[in-house]
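Okay, here's what each chain looks like letter by letter:
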Amino acid sequence: MEAYMAERIPRIDAAIEARFDRSAGRVPEALRGAMRHLLFPGGKRLRPVFALAAAEAVGGRAEAALPLAVAVELIHTYSLVHDDLPCMDDDALRRGRPTVHVAYDEATAVLAGDALQSEAFSVLAEGHAGPGCTRAAASLPEGTDAAARMLFVVGRLARASGAEGLVGGQLDDLAFEAASGSEPIAARAGTGHARLASIHERKTAALFQAAIVGGAVLGGANEDERETLEVFARDVGVAFQIADDLLDADSAEAASILRLQGIEDARAGAEGLVERAIARIEGWGERAGPLQELARFAVRRRR
Ligand code: GRG
């Protein structure tokens, strides 16, 4: 899996870099710097690699999913910039570096997040994110099928990142965190699991779904494959969030999942979700191998 990621991440980085190159002189320098701050150096680039692997899993070319890979990483980065803000988690450090509102200021961080979000949809609308891309506007994609697929992907990403997905999940998570300190444990355990699952599905898994389902659609997936990957990606995304909570288990903010169950139960739950997801695409052959391995990596990672 390391070799697979090491080969693909530079392609994703080059495509993101190409977007910034072309905006030089047209975007205020402070805004450009704030938008780049968490992108370079970046994180694990898990969602964009998932998008490429999904395209390959259905027999397509990884390149077909490159615009989506860039778009998903831009949305992910915007969500981190806003998640760190004083009105949200109020974090001063991310990946060992100052967060954007600390390195710049709060207003610039809010605007950088907004701009990253718009940029993501601009990348998709142009349908092209490769190095050397200098077009200010897209020419029409070839054939209605390509256009229809891209339109589906745009809609899927918009839904995942909007009120039904990331944003609504984040709002409910803030309410869940605020309430869980005051509720008795028995009450929490009764309704807590369902509430938390719904939060994980929207706050985290929705973006994995957009990356994986969208990547596969751009790679030429048929309707059966798309439906299978909707469930695969939801389960992997939820498992990823549980694993993330477990990595945070020792931090000052006790992880949400651990308010409802013990570490071992939570870990077993995440592993079970991923193994079930992997089994769903067992018959897809060798080309789906990287997608399956990435799913395992998502829950076994150390950071
Ligand atoms: C509109 C104000 C406003 C907010 C947008 C902030 C927000 C909505 C949503 C936040 C959602 C969020 C931060 C979910 C956490 C998901 C998560 C576990 C992120 C960490 O992902 P990794 O480990 O990060 O892939 P790296 O560092 O590798 O990029």
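Up top is the structure these notes are about.
Residues numbered from 1 in each chain as written. Predicted model: local features only at pLDDT ≥ 70, side-chain atom pairs only at ≥ 80, totals over all residues. Heavy atoms only, no water.

## What to know about helix α12 (residues 289-300)
What sets the pattern is the α-helix's 3.6 residues per turn: residues three or four places apart point alike.
No. 1: For α12, built from twelve residues, the straight-helix expectation of 16 Å at 1.5 Å per residue is met to within 8% by its first-to-last C-alpha distance of 17 Å.
No. 2: Turning to α12, the residues buried within the fold contact α1 (2-23), α3 (46-57), α10 (223-247) and α11 (263-280). (Helix = DSSP H or I, 4+ residues; strand = E, 2+ residues; numbered from the N terminus. Expected span 1.5 Å × (residues − 1). Contact = heavy atoms within 4.5 Å.)

## Focus on the pattern of salt bridges
No. 1: Following the criterion strictly, the structure yields 26 salt bridges and no others.
No. 2: As a salt-bridge pair, D84 and R94 come within 2.7 Å of each other at their nearest N and O atoms. Placement of D84 in the loop between α4 (66-83) and β1 (93-94) and of R94 in strand β1 is noted, with a sequence separation of ten residues between them.
No. 3: Exposure remark for R94: the relative accessible area of 19% places this residue in the buried category.
No. 4: For R156, the salt bridge identified is with E230, shortest N-O distance 2.6 Å. Of the two residues, R156 is situated in helix α7 (residues 143-161) and E230 in helix α10; the sequence distance between them amounts to 74 residues.
No. 5: Taking the relative accessible area as the measure of exposure, E230 reaches 14% and is therefore buried.
No. 6: One network of salt bridges, in which partners are shared, links E7, R8, R11, E56 and E63. (Salt bridge = Lys/Arg side-chain N within 4 Å of Asp/Glu carboxyl O. Buried < 20%, exposed > 50% of the residue type's maximum accessible area, 1.4 Å probe, protein only.)

## Focus: the nonpolar core
No. 1: Grouped together as the largest cluster of nonpolar side chains are 88 residues, with contacts concentrated most on F50, L229, F232 and L291.
No. 2: Residue contributions to this core peak at 13 residues, all from helix α9 (residues 185-218).
No. 3: Look past the residues within four positions of L291 in its chain and what remains in contact with it is F50, A53, A54, A57, L229, F232 and I281. (Core = buried A, V, L, I, M, F, W, Y, C linked by side-chain atoms within 4.5 Å.)

## A closer look at the packing of aromatic side chains
No. 1: What the rule picks out here adds up to two aromatic pairs.
No. 2: Taking 5.8 Å as the distance between ring centres and 75 degrees as the angle between the ring planes, the aromatic pair formed by F50 and F208 counts as edge-to-face. Here F208 lies in helix α9 and F50 lies in helix α3, a separation of 158 residues in the sequence.
No. 3: Assessed through its relative accessible area of 0%, F50 is described here as buried.
No. 4: Note on F208 and F240: the rings are 4.8 Å apart at their centroids and 45 degrees apart in plane angle, and the pair reads as tilted. You can see F208 sitting in helix α9 and its partner F240 sitting in helix α10, a full 32 residues away along the chain. Grouping residues by exposure puts F208 and F240 together as buried.
No. 5: Site record: aromatic cluster; members linked through ring pairs are F50, F208 and F240. (Phe/Tyr/Trp six-rings, centres within 6.5 Å; stacked < 30°, edge-to-face > 60°.)

## A word on a negative patch on the surface
No. 1: Negative charge collects at one region of the surface, where D89, D90, D105 and E106 lie side by side.
No. 2: Following the sequence through the fold, E106 ends up in helix α6 (residues 106-126).
No. 3: Owing to a relative accessible area of 41%, E106 belongs among the partly exposed residues under this scheme. (Patch = residues over 30% accessible without salt bridge, like charges linked within 9 Å, V, L, I, M, F, W, Y side chains within 5 Å. Areas by Shrake-Rupley, 256 points an atom, 1.4 Å probe, with all protein chains shown as cover. Lys, Arg positive; Asp, Glu negative; His and termini not counted. Charge placed at Lys NZ, Arg CZ, Asp CG, Glu CD.)

## Overview of a nonpolar patch on the surface
No. 1: Taken together, the side chains of M88, L171 and L174 present a nonpolar region at the surface, about 250 Å² in accessible area.
No. 2: You can see M88 is positioned in the loop between α4 and β1.

## A word on the site of the ligand
No. 1: Close to the ligand lie 18 residues, the nearest being K44, R47, H76, M88 and R95.
No. 2: With respect to the ligand, the side chain of K44 contributes an N or O atom lying 2.6 Å from an oxygen atom.
No. 3: Between the ligand and R47, the relevant distance is 2.8 Å, taken from an oxygen atom to a side-chain nitrogen or oxygen of the residue.
No. 4: Ranked by residues supplied to the shell around the ligand, first place goes to α4 with five residues.
No. 5: Taken together, the residues that form the shell around the ligand break down as four nonpolar, seven polar and seven charged. (Near = heavy atom within 4 Å. Polar contact = N/O pair within 3.5 Å; in protein donor to acceptor, adjacent residues only side chain to side chain. Nonpolar A, V, L, I, M, F, W, Y, C, P; charged D, E, K, R; others polar.)

## So, the side chain of R19
No. 1: Considering the arrangement of structural elements, one finds R19 in helix α1.
No. 2: A polar atom in the side chain of R19 sits 3.1 Å from the side chain of E119.

## Concerning the side chain of H101
No. 1: Position of H101 among the secondary structure elements: in helix α5 (residues 100-103).
No. 2: Judged by relative accessible area, which is 11%, H101 ranks as buried.
No. 3: Only 3.4 Å separates the side chain of H101 from the backbone oxygen of D91, close enough to count as a polar contact.
No. 4: Among all residues touching H101, those that are not within four sequence positions of it are D84, L85, P86, D90, D91, E106 and A109.

## Quick notes on the environment of R11
No. 1: Structurally, R11 can be placed in helix α1.
No. 2: In this structure, the C-alpha to C-alpha distance between R11 and E63, residues 52 residues apart in sequence, is 9.1 Å.
No. 3: Beyond its immediate stretch of four places on either side in the chain, R11 contacts A62, E63 and L66.

## Looking at the environment of G220
No. 1: As for its placement among the helices and strands, G220 is situated in the loop between α9 and α10.
No. 2: Considering only alpha carbons, one finds G220 and G59, 161 residues apart in sequence, at a separation of 7.5 Å.
No. 3: If we skip the residues at most four places from it in the chain, G220 touches V58 and R149.

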